[in-house]
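# Analysis of the macromolecular model
Residue strings, one per chain:
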Amino acid sequence: MSPTTSARPGSGTGAASRLPAMGAQQATAALGVTPQQLRKLRECGLLGTRAALEALRSPGGQWRYPYESIRQLHERARVDLPSAGEDLAVHVAPLQLDENGQAHQRTHLGWSASAVQAGLSAQQVEDAWAGLWSVRDPQRHVGAALVADVAGFVVEVARVTGWRLIAGDVRFEVEAPTAVMLQRYAGRRFHAAPGDTKQRLISAPAPT
């Protein structure tokens, strides 16, 4: 990857405007993601804060991305999605209000790097990503890992301690992950399906 200068003519001498940055086409090629997945990474805050990214936009309004943020994601080691056993991976959407929040017993769904700074409590953050999921046999996942990713990039790792039904779907109860779970999943990336922008459970099949 080779960065290009993001400074705009007449944009001032602020530090943000001088950061090495790249356009969307370069960023998608560097990360091996689709434009939809790149947008999801941006909206979830994995490419920088909204204010920082706005400062990097071109005079024509095109998004530009900090080279350092792209480099850090690019260098993440890949790990296979859970394909057997009890671990679960979930693709999470950008953080948003849950339109059925009262029935779902939560205020938001999805994930954002700046959720706490935006005023959400730790419980609200957990509620937003740890459920709600359609799971055939949730009990077998107790004690296993629940891993959340944004466009394939792991953002949360937790250990499942239990579950409860809310509006017909499963809300996993979670706690801090084990050292083994962290070693396997934290700071890694999965291969994510192209174009995935919604919350989706990608459950491991039952062992045969």
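Anyway, here's the lowdown on the structure attached to this text.

About the criteria used
- Residues numbered from 1 in each chain as written.
- Predicted model: local features only at pLDDT ≥ 70, side-chain atom pairs only at ≥ 80, totals over all residues.
- Heavy atoms only, no water.
- Helix = DSSP H or I, 4+ residues; strand = E, 2+ residues; numbered from the N terminus.
- Polar contact = N/O pair within 3.5 Å; in protein donor to acceptor, adjacent residues only side chain to side chain.
- Contact = heavy atoms within 4.5 Å.
- Salt bridge = Lys/Arg side-chain N within 4 Å of Asp/Glu carboxyl O.
- Buried < 20%, exposed > 50% of the residue type's maximum accessible area, 1.4 Å probe, protein only.
- Arc of directions from axis to C-beta.
- 1 Å grid on protein atoms, 1.4 Å probe; cavity = no way out; pocket = protein on both sides within 12 Å on 5 of 7 lines; lining within 4 Å.
- Points joined across faces, edges and corners; volume = space filled by probe spheres on them.
- Nonpolar A, V, L, I, M, F, W, Y, C, P; charged D, E, K, R; others polar.

### Brief notes about the side chain of Ser112
- Relative to the helices and strands, Ser112 resides in the loop between strand S6 (108-109) and helix H6 (122-130).
- Polar side-chain contacts of Ser112 include one of 3.1 Å to the backbone nitrogen of Ser114.
- Not counting residues up to four positions away in its chain, the partners in contact with Ser112 are Cys44 and Leu95.

### Structural notes on the pattern of salt bridges
- On inspection of all chains with the given rule, the structure shows ten salt bridges.
- In this structure, Glu68 and Arg71 form a salt bridge, with 2.3 Å as the shortest nitrogen-oxygen distance. Of this pair, Glu68 and Arg71 both sit in helix H4 (residues 67-74), separated by three residues, roughly a single helical turn.
- Given the relative accessible area of 23%, Arg71 is considered partly exposed.
- Of the charged contacts in the structure, one is a salt bridge between Arg106 and Asp98, with a shortest N-O distance of 2.6 Å.
- Classification of Arg106 by relative accessible area gives buried; the value is 11%.
- When its relative accessible area of 9% is taken as the criterion, Asp98 is described as buried.
- Connected through shared salt-bridge partners, Arg50, Glu54 and Arg57 make up one network.

### Here's the deal with helix H1 (residues 24-31)
- Of all the residues in H1, the buried ones are Ala27, Thr28, Ala30 and Leu31. One face of H1 carries all of its buried residues, which in axial projection span an arc of 165°. Turned more than 90 degrees away from the buried face of H1 sit Gln25 and Ala29, all of them exposed.
- Elements that come into contact with the buried residues of H1 comprise strand S2 (20-23), helix H2 (35-43), strand S3 (64-66), H4 and strand S8 (153-166).

### Some details on empty space enclosed by the protein
- Within the structure shown, the criterion is met by one cavity of 30 Å³ or more.
- Each pocket or cavity is described by its volume, and for the largest cavity that value is around 30 Å³.
- As for the largest cavity, its lining consists of His104, Gln105, Arg106, Asp127, Leu132, Ile166 and Arg171.
- Looking at the lining of the largest cavity residue by residue, the class counts come to two nonpolar, two polar and three charged.

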